[in-house]
Structure formats: structure tokens, C-alpha cells
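Coordinate analysis (summary)
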Amino acid sequence: MTETVERKATNIHWHEGDVTREDRARMLGHKGVTLWFTGLSGSGKSTVAVALEKALAARGILSYRLDGDNIRHGINSNLGFSAEDRTENIRRVGEISKLFADSGVVVLSSFISPYREDREIVRRMHDEGELPYLEVFVDCSLEAAESRDPKGLYKKARAGEIRGFTGIDDPYEAPTAPELHLHTDQMTLEEEVEMILSNLQQRGIIS
Ligand SMILES: Nc1ncnc2c1ncn2[C@@H]1O[C@H](COP(=O)(O)OS(=O)(=O)O)[C@@H](OP(=O)(O)O)[C@H]1O
Ligand SMILES: Nc1ncnc2c1ncn2[C@@H]1O[C@H](COP(=O)(O)OP(=O)(O)O)[C@@H](O)[C@H]1O
């Protein structure tokens, strides 16, 4: 099991159930998987996840979105944007994604997740749990993301009102071997959704 932080509890034991992951997949008619959308703010992570969720629902496939902004309102409301907090954010949402994927859901996790090592830890968590994990690089030039600026955050970052903003004065380490690579400044949203759906079909995750 991946130990990414020191475990404080002792005398704890894993408890197996009688209903298996395969049983759950049979009930749902598809397997669980985590699709991990990584990219700059404004690259299109949330937009693609929302459109994909809709397309999956139309096919009777249960998916669930985990989104940086939303998760930071709740379970991760005690985390900011320092490197340490971003790492802890990704560790927690990695574990949450793994639980959802184990339950049989198609998990759509959208987080900037700027550090390669943090993303690799999430991948390893899934590998060790024998759960499919697909990294989706939502790729877009900084210029395009900044010109979209859907929340006005780049403007604030340029004005010095936000410090440590990814792409401006904080790093983004691009994936080197993502399973899927979307160029959202060159493709349409429909093409992006279609590309993901056909990849999931090819892998036998959905029919
Ligand atoms: N300093 C700084 N850097 C980057 N992003 C910032 C920052 N401050 C606030 N925001 C808003 O927080 C959203 C990113 O949260 P994430 O949980 O995805 O970030 S991370 O993965 O921990 O890096 C991000 O959402 P998206 O624009 O959807 O990516 C922003 O809305
Ligand atoms: N091909 C595309 N794919 C995804 N988003 C696009 C595309 N073209 C334009 N956009 C726009 O880019 C913006 C992306 O914002 P958002 O999805 O919130 O990004 P992120 O979640 O990565 O911060 C939206 O306003 C969206 O309409």
C-alpha cells in the first residue's frame, strides 16, 4: 500500500466485504475508473468534465465529478496553494477518487495538480489497487488560458492581487506520457468528449 504520509493510527486492520468490485461492475454495467484531468487554470478541465459527465449519463453510465474549486469548499477547505498544501490536496483527492472508482463509478477528477510527482503518487495508488487510471492532459497555451480568463483570476494574478498563481508565478509541470492529450486551443469540446469516449471504449471500460 502506498504510504504517502506518516500513518498515525496503529492496530488497524483491513476488513474485506462479501460484495466484490466485479459484483458492483455487474450491477452497474461498467467498470470504475479515474480520469484525472490536469492542466492550467482556464485550460478547460471543468468544461470537459461537465460535457463528458452529460455524455456518459446519456449512455446510462454513472460518473461523478470531483473539481478543485468545489472540493476546496468542503473537505479541503483547510488547504491553500503552497506547494505543501497542493500536494496534500492531491493526495486526499487521489484517495477519494480511488474510493469512488472502487465503488464502480467513472470518476472525473479535475485539478490543476501542477506537480508531476503528486500525480504519479495518485497513479501508483490506483495501480496498487488494480484500478484503471487515465491521465488526461488538458493542454492549452498560457496565452489562450489567460485570454479566456473565465474567473478573472489571471487578471488579478498579473495585478499582483493573487500570489503564487499557477502559470504566472507558480510552476506547472506538464505530463510527459498522458493517456490522453487534449489540445483545447485547437479542438472543439465535442471532439474532446468524443476522443475520451472512444478511448474508454477501446479499453473496454465502457461499451
Ligand atoms: N494561486 C492559485 N493557483 C491556482 N489556482 C488558484 C489559485 N488561487 C485560487 N485558485 C483557484 O483554485 C482552483 C485550483 O484548485 P486545485 O485544487 O485544482 O489546485 S491544485 O491542484 O491544488 O494546484 C483554480 O480553479 P481552475 O481555474 O478551475 O483550475 C482557481 O479557481
Ligand atoms: N475546446 C475547448 N474545450 C474546453 N473549454 C473551452 C474550449 N474552447 C473554449 N473553452 C472555454 O475555456 C474555458 C475553460 O474554463 P474551465 O473549464 O473553467 O477551465 P479549468 O477548469 O481548467 O479552470 C471555458 O470558458 C470554456 O468555455
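- The chain has the name Adenylyl-sulfate kinase in an unreviewed UniProt entry, where Microbulbifer halophilus is given as its organism.
- The chain has a UniProt comment under Function (unreviewed entry) that states "Catalyzes the synthesis of activated sulfate."
- For the record of the chain, the UniProt heading Pathway (unreviewed entry) holds the text "Sulfur metabolism; hydrogen sulfide biosynthesis; sulfite from sulfate: step 2/3."

1. Some remarks on the UniProt feature "domain: APS kinase" (unreviewed entry) in the chain
- UniProt feature "domain: APS kinase" (unreviewed entry): in the numbering of this structure it lies at residues 31-182.
- Secondary structure within residues 31-182 divides into 43% helix and 17% strand; the distance between the first and last C-alpha atoms comes to 23 Å.

2. Considerations on the site of ligand 1
- The full set close to ligand 1 counts 21 residues, and Ser41, Arg86, Asn89, Ser113 and Lys151 are the nearest of them.
- Take Arg86: an N or O atom from its side chain is 2.8 Å from an oxygen atom of ligand 1.
- In this structure the site holding ligand 1 corresponds to the second largest pocket.
- Of the residues forming the shell around ligand 1, the biggest block, three residues, is contributed by helix H4 (residues 83-103).
- Of the residues belonging to the shell around ligand 1, the class tally is eight nonpolar, seven polar and six charged.

Rules used in this analysis
Residues numbered from 1 in each chain as written. Chains lettered and ligands numbered in written order. Predicted model: local features only at pLDDT ≥ 70, side-chain atom pairs only at ≥ 80, totals over all residues. Heavy atoms only, no water. UniProt positions renumbered as here; feature names shortened; annotations may be inferred. Helix = DSSP H or I, 4+ residues; strand = E, 2+ residues; numbered from the N terminus. Near = heavy atom within 4 Å. Polar contact = N/O pair within 3.5 Å; in protein donor to acceptor, adjacent residues only side chain to side chain. 1 Å grid on protein atoms, 1.4 Å probe; cavity = no way out; pocket = protein on both sides within 12 Å on 5 of 7 lines; lining within 4 Å. Sits in = over half its atoms within 2 Å of the grid points. Nonpolar A, V, L, I, M, F, W, Y, C, P; charged D, E, K, R; others polar.

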